[in-house]
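# Structure assessment
Here is how the chains run, residue by residue.
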Amino acid sequence: MCISSLYKLKFHLRNWVVWLICAQLALLPALSSTAFAFGKFTVSDEKELGRKFSIMIKSRLPIIEDPEVKGYVREIVARLIAVAPPQPFEFDVNVLRSDQINAFCSPGGHLFVFTGLILAMENESEVAGVMAHELAHGTQRHIAGSIERSQLIGLASVLLALGGMFMGKDARGAGVATPLAVGQAAMLNYSRQDESEADQVGLNYLVKAGYAAQGMPGAFAIIRRDQSRTSSGIPSYLSTHPDVTSRITDMSSRVSSMPADVQNRKDANRKFLHIQTLVRAKYSDPTSALRFFELDRKNPEYLNLMGKGILYSRLNKVGEANQAFEAAIKAGPQEPLVWREAGIFQYRKGGPGSSEKAKEYLGKAVRMNPNDYLARFYNALILGETGFLSDAESEFREVLRYLPEDEEVHYFYGRLLGMQGKNFDAYLHLAYSSLYSNDKEQTKANRDRVERYATTQAQRMALEKFDAVYKERKEYW
């Protein structure tokens, strides 16, 4: 979602400097006992490193949990992975809230896409092109090879180096680079050969997956153009080497030698435009986003109206938001996303008639798209508030099955359980909520309450499971 992102986002880019300092000062003593045998960085080592790095990212940076946005990026990656050779690990994909035009693949198949990348691209194949390049770094195990060749021994040192590699020098606008992180990152930087191989292999993935082949060189050209206009950071695969132009030329040459039917593929951008509208309206600067929707002629009318509604809601312009959403419904009555966002607005707005409208709109959204788990979350809230507690519980459980790390879902599910006197389960979900919102003090307090109510063997096992997740997360706070 994150369901609370419109009004409760707690982690901003300024926290990156805190994160890297914590990595430098806190991780080293905590993890120094874990070491890799020099020259023998195994697949098991890579999986463990990737898992730890993913936890570290999630514990310090704002993750977008909106199932529409997250699911869209995961669909692109799944389509690319389907044409790649079998891999020794599963690939996991997450979206980071940041205006950087960036993406990266950490060891063990953990891919992160920045919202700035989604907004900067003009076609779906360009987003897929960047992801194909990053996926190729993962399938070819480029970082694993760099670790084997480097002098970095120990999990803490490698984690710190990865932080510098992926976000230190590539986040100059946020001022996050520390000398140690960047210095160690230099040991892991992709070589020119790595970049060339990722270009070639990634382009193969892109074409085999059915995307427009021009997506990869087109994406790189957009990123290069953005860098010439701004001082924002760009991905290491464009900033590390001076031959970016020749690489784009080489990729374009490869595309021009492909069969005509491949060269002439067209982008199916309908879903891309929906996701881009959501990202722009919910997670970018509201003033510039509103100006975009007022001037845009590329999007269907209902998308620009929906975007305006979301933005007016963010700006507390309730009347304008209501008008925009009602106009969006008229312009796109068959679009479940429009019904969902209009329903969420009505639920949050409150007042006479809003609850009934929220129920109606969200119900339509769920009927049109049963896999819209954000709509189902709000439907669960309404069920609970109107006394249908059993139905609300069932809906919350289904939403959590799809969004197991969403703080708001755990929070409101915990409250619902507490209303029914189910104290152990209530505090357990409240503990998960504070854990996934990275609230150190509240997590400890909720965890202690869970322990007081753990009387059965099943409850003690559930507490042990929570403690295992808690232990890993708090290492990075």
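Predicted, not measured: the structure shown is a model, and the values here were computed from it. (Residues numbered from 1 in each chain as written. Predicted model: local features only at pLDDT ≥ 70, side-chain atom pairs only at ≥ 80, totals over all residues. Heavy atoms only, no water.)

### Let's talk about the side chain of Gln276
Structurally, Gln276 can be placed in helix α14 (residues 270-283). Polar side-chain contacts of Gln276 include one of 3.4 Å to the backbone oxygen of Leu119. Aside from chain neighbours lying at most four places away, what touches Gln276 is Ile118, Leu119, Met121 and Lys298. (Helix = DSSP H or I, 4+ residues; strand = E, 2+ residues; numbered from the N terminus. Polar contact = N/O pair within 3.5 Å; in protein donor to acceptor, adjacent residues only side chain to side chain. Contact = heavy atoms within 4.5 Å.)

### Concerning the environment of Arg376
Mapped onto the secondary structure, Arg376 falls in helix α20 (residues 373-385). Arg376 sits in the buried class, given a relative accessible area of 15%. Here the alpha-carbon distance between Arg376 and Val366, two residues ten residues apart in the chain, equals 6.5 Å. Here the side chain of Arg376 touches Pro370 through a polar contact of 3.1 Å, landing on its backbone oxygen. (Buried < 20%, exposed > 50% of the residue type's maximum accessible area, 1.4 Å probe, protein only.)

### Considerations on the packing of helix α23 (residues 423-436) against helix α24 (residues 440-453)
Orientation of α23 relative to α24, taken along the N-to-C sense of each, is 160 degrees, at an axis distance of 8 Å. Compared by their axis directions, α23 and α24 come out roughly antiparallel. Regarding α23 and α24, the two cross each other, and that crossing is left-handed. Here Asn423, Phe424, Tyr427, Leu428, Leu430, Ala431, Ser434 and Leu435 of α23 come into contact with α24, specifically with Gln442, Thr443, Asn446, Arg447, Arg449, Val450 and Tyr453. A breakdown of the residues in the contact of α23 with α24 according to their chemical character gives eight nonpolar, five polar and two charged. (Axes fitted to C-alpha atoms, helices over the stretch in contact; angles between N-to-C directions. Parallel < 35°, antiparallel > 145°, perpendicular 65-115°, else oblique. Left-handed = near helix turned anticlockwise from the far one by under 90°. Nonpolar A, V, L, I, M, F, W, Y, C, P; charged D, E, K, R; others polar.)

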